[in-house]
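# Structural description and commentary
For reference, the chains in residue letters:
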Amino acid sequence: MRKILAAGNWKMNNTPSQAEAMINELKGKVAGCKNDVLICPTYVCLPAAVKAAEGSNIKIGAQNLHFEDKGAFTGEISAQMLKEIGVEYVIIGHSERREYFAETDDTVNAKVIQALKYDLIPVLCCGESLKQREDTITFDFIRSQIKIAFRGISKEDAVKIVVAYEPIWAIGTGKVATSEQANEVCKDIRECLAGIYDEETAANIRILYGGSVNKDCAAELFAMSDIDGGLVGGASLKPDDFSIICNA
Ligand code: PGA
């Protein structure tokens, strides 16, 4: 049975003191929530976020990591560093990282492997552009992203991964995919995973939808057969709205 995960991606928002205050506010609102709750602040906010979330049901994740253990990679953060400060999840391959920071399917694969090596749960992002959707290559494109991202990963590790399907045209645009559109892609991702591994493994992998998820559409999306929660940007910056999503 897959448990719903409501994951907040704060992107480049909030300072450490703001992160602490926001998590303190959120804690009370999601206490007793049946779903898993995750907040992913920026790197510098992570220690404050981990401390603020202590003893609550809120998990903390990073928004990226480097695929090497350590070394001459100025400005980068390693899995071991994240692990040591109490981070449990890490977003990998967000479309903004792919677009603005030249991440490729191969670096995404290396990062997923690195996260698993240090026992961090990857939230692996995939999704098509508007052009790809219009060209009717959505399924082929996402299957290729998934096949490369899972390359070299055993089925025992695969079930630890959370996939986030985020159509790029829906991110930050207020244009949510319909629950049918989102579910049909999530279902196809699951079929692709069943092809790589087997039905049982695919049935155990959580697949989230992301892209303008808000308090009004979350319940309908999360009720779909192949959607196991959401990766939420804008609405995760409003504790009232995000707590409604968490409880959806
Ligand atoms: P959004 O962002 O909810 O603001 O569209 C989602 C994401 O980028 O993960």
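Here we summarise the structure given alongside this text. In this text, all values refer to a predicted model and were calculated from it rather than measured experimentally. (Residues numbered from 1 in each chain as written. Predicted model: local features only at pLDDT ≥ 70, side-chain atom pairs only at ≥ 80, totals over all residues. Heavy atoms only, no water.)

## Observations concerning the nonpolar core
Phe150 and Ile189 are the most contacted members of the largest nonpolar core, which has 69 residues in total. When residues of this core are assigned to their parent elements, the largest contribution, seven residues, is made by helix H9 (residues 179-196). Sequence-distant contacts of Phe150, defined by excluding residues within four places in its chain, comprise Asn109, Leu124, Ala158, Ile161, Val163, Leu193, Ile196, Tyr197 and Ile205. Tyr89, Cys125, Val162 and Ala164 belong to the second-largest nonpolar core, a separate cluster that totals twelve residues. (Core = buried A, V, L, I, M, F, W, Y, C linked by side-chain atoms within 4.5 Å. Buried < 20%, exposed > 50% of the residue type's maximum accessible area, 1.4 Å probe, protein only. Helix = DSSP H or I, 4+ residues; strand = E, 2+ residues; numbered from the N terminus. Contact = heavy atoms within 4.5 Å.)

## Regarding the site of the ligand
Lys11, His94, Glu166, Gly172 and Ser212 are the nearest of the 13 residues found near the ligand. Note that an oxygen atom of the ligand is positioned 2.6 Å from one of the backbone N or O atoms of Gly172. Expressed as a share of its isolated accessible area of 280 Å², the protein-covered part of the ligand is 95%. Across the shell around the ligand, the residue classes break down as four nonpolar, seven polar and two charged. (Near = heavy atom within 4 Å. Polar contact = N/O pair within 3.5 Å; in protein donor to acceptor, adjacent residues only side chain to side chain. Areas by Shrake-Rupley, 256 points an atom, 1.4 Å probe, with all protein chains shown as cover. Nonpolar A, V, L, I, M, F, W, Y, C, P; charged D, E, K, R; others polar.)

## Quick notes on the packing of aromatic side chains
Evaluated as defined, the whole model comprises two aromatic pairs. Over the aromatic face of Phe101 sits the side chain of Arg97, whose NZ or CZ is 4.2 Å from the ring centroid. (Phe/Tyr/Trp six-rings, centres within 6.5 Å; stacked < 30°, edge-to-face > 60°. Lys NZ or Arg CZ within 6 Å of the ring centre and 35° of its normal.)

## Digging into the pattern of salt bridges
Using the criterion set out here, one finds 21 salt bridges in the structure. Taking the shortest distance from any N to any O, the salt bridge between Lys117 and Asp69 comes out at 3.0 Å. With a gap of 48 residues between them, Lys117 in helix H5 (residues 105-117) and Asp69 in the loop between strand E3 (58-62) and helix H3 (79-84) connect regions that are remote in the sequence. Among the residues examined, Asp69 registers a relative accessible area of 30% and is labelled partly exposed. The partner of Glu191 in a salt bridge is Lys187, with the nearest N and O atoms 3.5 Å apart. Here the residue Glu191 and the residue Lys187 both occupy positions in helix H9, the gap between them amounting to four residues, near one helical turn. Within this structure, Arg2, Arg190, Asp226 and Asp228 form a network of salt bridges that share partners. (Salt bridge = Lys/Arg side-chain N within 4 Å of Asp/Glu carboxyl O.)

## A few points about unusual backbone geometry
Its identity is not glycine, yet Thr136 carries a phi of approximately 55°, on the positive side. Summarising the element assignment, Thr136 is placed in the loop between helix H6 (130-134) and helix H7 (138-149). For Ser212, which is not glycine, the phi torsion reads 60° and is therefore positive. Mapping Ser212 onto the fold places it in the loop between strand E7 (206-210) and helix H11 (218-222). Overall, the relative accessible area of 18% leaves Ser212 in the buried class.

## Thoughts on the packing of helix H1 (residues 16-30) against helix H12 (residues 239-246)
Between two packed helices, both the angle of their axes relative to each other and the distance between the axes serve to describe the pair. Two numbers describe how H1 lies on H12: the axes approach to 9 Å, and their chain directions differ by 40°. Considering the angle they form, H1 stands oblique to H12. Here the hand of the crossing between H1 and H12 comes out right-handed. Across the interface between the two elements, Met22, Glu25, Leu26, Lys29 and Val30 from H1 touch Pro239, Asp240, Phe242, Ser243 and Cys246 from H12. Each residue belonging to the contact of H1 with H12 can be placed in one class, and the counts come to six nonpolar, one polar and three charged. (Axes fitted to C-alpha atoms, helices over the stretch in contact; angles between N-to-C directions. Parallel < 35°, antiparallel > 145°, perpendicular 65-115°, else oblique. Left-handed = near helix turned anticlockwise from the far one by under 90°.)

## Overview of the layout of surface pockets
Estimates place the volume of the largest pocket at around 410 Å³. Top element by residues in the lining of the largest pocket is helix H4 (residues 95-100). It accounts for three residues. Looking at the lining of the largest pocket, its residues break down into five nonpolar, five polar and three charged. A class-by-class count of the residues in the lining of the second largest pocket yields five nonpolar, eight polar and four charged. (1 Å grid on protein atoms, 1.4 Å probe; cavity = no way out; pocket = protein on both sides within 12 Å on 5 of 7 lines; lining within 4 Å. Points joined across faces, edges and corners; volume = space filled by probe spheres on them.)

## Considerations on the pairing of strand E5 (residues 121-126)
A large share of E5 lies buried, amounting to five of its six residues. Where strand E4 (residues 89-92) meets E5, four bridges bridge the pair, whose relative direction is parallel. Bridge pairing links Val90 to Pro122 in E5. Two strands pair when backbone bridges link them, and E5 and strand E6 (residues 162-165) are joined in this way by four bridges, in the parallel orientation. Paired with Cys125 across the bridge in E6 is Ala164. (Pairing = 2+ DSSP bridges.)

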